[in-house]
Amino acid sequence: MKKLLIVVSMFCSLVANAQEGRWKGELNLPGTKLPVVFNFSSEGCTMDSPSQGAVGIKTDWTRSENGDVKISIPTIGGNYEGRLEGKEIKGVFKQMGMSFPLNLTEAKLNRPQTPVAPFPYTTEEVKFKNGDIELNGTLTLPAGFSKKTPVLVMVTGSGQQNRDEELFEHKPFAVIADAFARKGIATLRYDDRFFGDKSKDFGKFTTYDFKEDAFAAINLLRGRFDNVGVLGHSDGGTIALMLAAEGKVDFVVSMAGVGGSGKENLLLQNKMILKSMGHSDEVLITYCDVLGKMFDEMANSRQPKGFDIPESLPMELKTNLQAVMSQPLVPYICTSLSIDMSNSLAKIKCPVLAINGKLDLQVEPTYNLGVLEKGLTNCKHKVVAFDGLNHLFQHCKTGSPTEYSEIEETISPEVLDVMIDWIRQQ
């Protein structure tokens, strides 16, 4: 789940060839360390803040022949200036009148689960439309498939992502499609609308827009397969449940989809991540009380203004709240805060598999799975919480988003097995 990023906020997505690739460092902030990553390629530079789940933040950058690099990040009002010295870029990050030393080193990644040809199945490149919007995807077909072969539309989480739901070179949807095809299950995964088109303001689209894109993918498959399901991750899991409540799908796999209130989930996300950073319960209660009231305003498409920020809060959290009040409203976030799936769960009649990692810090598992277990009263369903797994269903130590890029595993084989067994039973 990608969030709007302010460098010290939990609210919430180089030079010549020698510096292309992924370069990372840490900002030493009061009371915590914040990992920062710059991704340099021939097409430009983006910024990630792994601990905040924010990836692909657009930047403007320049470089010089002597190894100087200058990066501006307009969406957060920040900039970075550094120079390549040996195998390290040494520089300073500035934001909101503050300066922090930031040295970067190249980060090599290993992703052993990424599928490699040859494959014992076939793929087709497909195009389909939702109104005037054209979407591009890959249909993966197991050997000997027929109309009776189960097929799933795969829906990504928040933020503009490609059909593989690629994050830190992990390609979870490619891994899932490969595992499913080897067990006789077909999938259609597709790039988010306008993927790669930098002229579009992706934040103006909402969960409801992405739901209609997924429905267009379902319609593409209806004439070819008898049983069409949806597998969604994070926000995509919520979309899968929405489609099920509307009677538009035959079965659903929700991977860390929010089954309850979007506002409540985002507050829990803030509490869990801030707690993992060492903040006290007293600080969390004070901070989230104000943040929750701001979220209420935003859920009603109103700019949060005039809130008193408690002096007892640490400086970085005061800065967070000030940033929430000053940031322009984003339709996607306003809509996400207003959605409460718990009111629609009883309408679902098709089979549902809902899963979470017990160390998920982005979609709190106890709250989320509890709401789903209680609300799915009119359908066959299975709810599973996996020990030791994070929001991406990787084995991890703490569940913190800071670990995502460092973990080599893309998705737990145990999760793949549970999903495959359940789908084949349907």
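As shown above, the structure is provided for reference.
Right, let's walk through the structure included here.

About the cut-offs
Residues numbered from 1 in each chain as written. Predicted model: local features only at pLDDT ≥ 70, side-chain atom pairs only at ≥ 80, totals over all residues. Heavy atoms only, no water. Helix = DSSP H or I, 4+ residues; strand = E, 2+ residues; numbered from the N terminus. Buried < 20%, exposed > 50% of the residue type's maximum accessible area, 1.4 Å probe, protein only. Lys, Arg positive; Asp, Glu negative; His and termini not counted. Charge placed at Lys NZ, Arg CZ, Asp CG, Glu CD. Expected span 1.5 Å × (residues − 1). Contact = heavy atoms within 4.5 Å. Polar contact = N/O pair within 3.5 Å; in protein donor to acceptor, adjacent residues only side chain to side chain. Pairing = 2+ DSSP bridges. Phe/Tyr/Trp six-rings, centres within 6.5 Å; stacked < 30°, edge-to-face > 60°. Lys NZ or Arg CZ within 6 Å of the ring centre and 35° of its normal. 1 Å grid on protein atoms, 1.4 Å probe; cavity = no way out; pocket = protein on both sides within 12 Å on 5 of 7 lines; lining within 4 Å. Points joined across faces, edges and corners; volume = space filled by probe spheres on them. Nonpolar A, V, L, I, M, F, W, Y, C, P; charged D, E, K, R; others polar. Salt bridge = Lys/Arg side-chain N within 4 Å of Asp/Glu carboxyl O. Axes fitted to C-alpha atoms, helices over the stretch in contact; angles between N-to-C directions. Parallel < 35°, antiparallel > 145°, perpendicular 65-115°, else oblique.

**Some words on the overall build of the chain**
Here is step 1 of the chain: For the chain, the helix and strand inventory stands at nine helices and 17 strands.
Here is step 2 of the chain: Dimensions of the chain, computed from the C-alpha atoms along their principal axes, are close to 60 × 50 × 40 Å.
Here is step 3 of the chain: Classification of the 426 residues of the chain by burial places 57% in the buried group.
Here is step 4 of the chain: Where the 46 positive side-chain charges of the chain centre and where its 52 negative ones centre are 3 Å apart.

**Some points on helix α9 (residues 413–425)**
Here is step 1 of the chain: With 13 residues, α9 should reach 18 Å at 1.5 Å per residue; the first-to-last C-alpha distance of 18 Å fits that figure.
Here is step 2 of the chain: Packed against the buried residues of α9 are β12 (151–155), α1 (172–181), β14 (228–233), β15 (251–255), β16 (352–357) and β17 (381–386).
Here is step 3 of the chain: Measuring from the backbone nitrogen of E414 back to the side-chain oxygen at the start of α9 gives 3.1 Å, which picks out S412 as the cap.

**Looking at the pairing of strand β6 (residues 68–73)**
Here is step 1 of the chain: Residues V69, I71 and I73 point to one face of β6 and are all buried, whereas D68, K70 and S72, pointing to the other face, are not buried.
Here is step 2 of the chain: As paired elements, strand β5 (residues 60–63) and β6 share four bridges and run antiparallel to each other. Its bridge partner being in β6, W61 is matched across the sheet by I71.
Here is step 3 of the chain: In textbook terms, the turn of a hairpin is the stretch between consecutive antiparallel strands, and for β5 and β6 this stretch comprises four residues, one of which, G67, has a positive phi near 100 degrees.
Here is step 4 of the chain: Of the pairings in the sheet, the one linking β6 to strand β7 (residues 78–85) comprises six bridges and is antiparallel in character. Counted as the bridge partner of I73 is G78 from β7.
Here is step 5 of the chain: The antiparallel pairing of β6 with β7 creates a hairpin that spans four residues between the two strands, and G77 there sits at a positive phi of about 65 degrees.

**Quick word on the packing of aromatic side chains**
Here is step 1 of the chain: Under the definition given, this model contains 11 aromatic pairs.
Here is step 2 of the chain: Seen from their ring centres, F128 and Y190 are 5.5 Å apart, and the 85 degrees between their planes marks the pair as edge-to-face. You can see F128 sitting in strand β10 (residues 121–130) and its partner Y190 sitting in strand β13 (residues 186–190), a full 62 residues away along the chain.
Here is step 3 of the chain: Relative accessible area serves as the criterion here: at 6%, F128 is assigned to the buried category.
Here is step 4 of the chain: Taken together, the aromatic side chains of F194, F202, F205, F210 and Y332 make up a single cluster linked through ring pairs.
Here is step 5 of the chain: Cation over ring: K200 sits above F194, and NZ or CZ is 4.8 Å from the ring centre.
Here is step 6 of the chain: The lysine or arginine in question, K248, covers the ring of F215, its NZ or CZ lying 4.3 Å from the ring centre.

**Considering empty space enclosed by the protein**
Here is step 1 of the chain: Of the volumes computed, that of the largest cavity is approximately 120 Å³.
Here is step 2 of the chain: Lining the largest cavity are 15 residues; nearest its centre among them are V155, T156, G157, D192 and F210.
Here is step 3 of the chain: Every element with two or more residues in the lining of the largest cavity is listed here: β12, α2 (207–222) and α3 (235–245).
Here is step 4 of the chain: Here the lining of the largest cavity is built from residues that sort into seven nonpolar, four polar and four charged.

**Notes on helix α7 (residues 331–338)**
Here is step 1 of the chain: Across the eight residues that make up α7, a large majority, six, are buried.
Here is step 2 of the chain: Residues of α7 that are buried include every one of Y332, I333, C334, T335, S336 and L337, and no others.
Here is step 3 of the chain: Each element contacted by the buried residues of α7 is listed here: α2, α3, α4 (262–276) and α5 (281–299).

**Quick word on the side chain of Q269**
Here is step 1 of the chain: Among the secondary structure elements, Q269 is positioned in helix α4.
Here is step 2 of the chain: Residue Q269 is classed as buried on the basis of its relative accessible area of 2%.
Here is step 3 of the chain: Among the polar contacts listed, one links the side chain of Q269 to the backbone oxygen of Q362, at a separation of 3.1 Å.

**Structural notes on the pattern of salt bridges**
Here is step 1 of the chain: For the structure on display, the rule yields 20 salt bridges.
Here is step 2 of the chain: Ionic pairing is found between D178 and R182, a salt bridge with its closest N-O pair at 3.0 Å.
Here is step 3 of the chain: A relative accessible area of 45% means that R182 is categorised as partly exposed.
Here is step 4 of the chain: Ionic pairing is found between D387 and K358, a salt bridge with its closest N-O pair at 2.7 Å. In this pair, D387 is assigned in the loop between β17 and α9 and K358 in the loop between β16 and α8 (365–375), connecting sequence segments 29 residues apart.
Here is step 5 of the chain: Classification of D387 by relative accessible area gives exposed; the value is 56%.
Here is step 6 of the chain: Connected through shared salt-bridge partners, K211, E212, E246 and K248 make up one network.

**Focus: the sheet that holds strand β9 (residues 98–106)**
Here is step 1 of the chain: If you trace the nine strands from one edge of the open sheet to the other, you get β4-β3-β2-β1-β9-β8-β7-β6-β5, paired in antiparallel fashion. At either end of the open sheet lies a strand with only one pairing partner, and these are β4 (54–58) and β5. Going from strand to strand, the sheet's axes swing by 25 degrees on average, the running direction of each strand aside.
Here is step 2 of the chain: The pairing of strand β1 (residues 21–29) with strand β2 (residues 32–41) spans nine bridges and is antiparallel. Within β2, the residue paired with N28 across the bridge is K33.

**With respect to the packing of α5 against helix α6 (residues 315–326)**
Here is step 1 of the chain: Direction vectors running N to C along α5 and α6 enclose 5 degrees, while the axes themselves pass 11 Å from each other. Looking at the two axes, α5 sits roughly parallel to α6. Across from V283, Y287, V290, L291, M294 and M298 in α5, the residues of α6 making contact are L317, N320, L321, V324 and M325.
Here is step 2 of the chain: Residues that form the contact of α5 with α6 fall into these classes: 10 nonpolar, one polar and no charged.

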